[in-house]
Amino acid sequence: MFIRSAMAAVCIGTLGACASITSDSMQTLRVETLDKDGKSVAGAACTLSNDRGVFNATTPATVSVRKSSEDLSIDCKKDGEPAMASGRLISRAGAGMFGNIIIGGGIGAIIDHSKGVAYNYPDWVQLIFGEPQVFDRMHREDGKPTQSLAAIEKAKDGPTATAELARNDVPTAAAPAAASSAGQPEGRR
């Protein structure tokens, strides 16, 4: 009797790690559209799609999409805007997927992967008309829109990177002058 109770407790504990039990198959996203100057553009008609379905919204919007292991594409159009605002949201596995692998031996992970419930997208994005963007949940900050990968790279290559390059160029430029004077008599240096 004790063995049956212990086995039942282990089975229930294993199922508790399953994201399909603890997570929903839908995720709510906040989608906004901006012009090239960073000003909000309301009323853009957006289509969000992945292998689980097509979802429509008008910006600014909070929209529910079906989770998937596949990335989510967003295309927004607005009369008066010459180009589209488009983006790709990278799908990332959540902690529940790894819990399944560790605790459940992988069976729960297979189920969650096939249903898509173990995955998440960035939950707040701002699309810019005329600039296709890619967003990764790994760069998410609470209370802020997720930055695009291009914006993150641009920040890395910003003024700090330029100043570092300038500092590194100075010794290189001075080195040939020092080397050419090395063979000169001491009075001529």
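Residues numbered from 1 in each chain as written. Predicted model: local features only at pLDDT ≥ 70, side-chain atom pairs only at ≥ 80, totals over all residues. Heavy atoms only, no water.

## A few points about the nonpolar core
- Core analysis: the largest hydrophobic core is formed by 21 residues, its most contacted members being Leu29, Val31, Leu48, Ile74 and Leu89.
- Counting residues per element, the ones that place at least two in this core are β1 (26-34), β2 (45-50), β3 (53-58), β4 (61-66), β5 (72-77), β6 (85-90) and β9 (124-128).
- Not counting chain neighbours up to four residues away, the residues in contact with Leu29 comprise Leu48, Ala61, Thr62, Val63, Val65, Leu72, Leu89, Tyr121, Pro122 and Asp123. (Core = buried A, V, L, I, M, F, W, Y, C linked by side-chain atoms within 4.5 Å. Buried < 20%, exposed > 50% of the residue type's maximum accessible area, 1.4 Å probe, protein only. Helix = DSSP H or I, 4+ residues; strand = E, 2+ residues; numbered from the N terminus. Contact = heavy atoms within 4.5 Å.)

## Here's the deal with the pattern of salt bridges
- Here the structure, examined in full by the defined rule, presents eight salt bridges.
- Note that Arg88 is salt-bridged to Asp71, the shortest N-O span being 2.6 Å. A residue pair is termed long-range when its members are at least 10 positions apart, and Arg88 in strand β6 and Asp71 in the loop between β4 and β5 qualify at 17 residues.
- Judged by relative accessible area, Arg88 falls into the partly exposed class, the value being 35%.
- For Lys144, the salt bridge identified is with Glu141, shortest N-O distance 3.4 Å. (Salt bridge = Lys/Arg side-chain N within 4 Å of Asp/Glu carboxyl O.)

## Considerations on the sheet that holds β1
- Spatially, three strands are ordered β4-β1-β9 in an open sheet, and the strand pairing comes out mixed. The sheet is open, and its two borders are formed by β4 and β9, each paired with just one other strand. On average, each strand axis in the sheet is inclined to that of its neighbour by 35°, with strand direction left out of account.
- Where β1 meets β4, six bridges bridge the pair, whose relative direction is antiparallel. Pairing of Gln27 across the sheet is with Val65, part of β4. (Pairing = 2+ DSSP bridges. Axes fitted to C-alpha atoms, helices over the stretch in contact; angles between N-to-C directions.)

## Some thoughts on the state of the cysteines
- The tally for this structure, following the rule as stated, stands at one disulfide.
- The disulfide partner of Cys46 is Cys76, and the S-S distance across this bridge is 2.0 Å. In this structure, the disulfide formed by Cys46 and Cys76 twists by about 110° around the S-S bond and is classed as right-handed. Remark: Cys76 occurs in strand β5 and Cys46 occurs in strand β2; sequence separation between them is 30 residues. For the pair formed by Cys46 and Cys76, the shared burial category is buried. (Disulfide = S-S within 2.5 Å.)

Take it as geometry only, folks, not as evidence of what the structure does.
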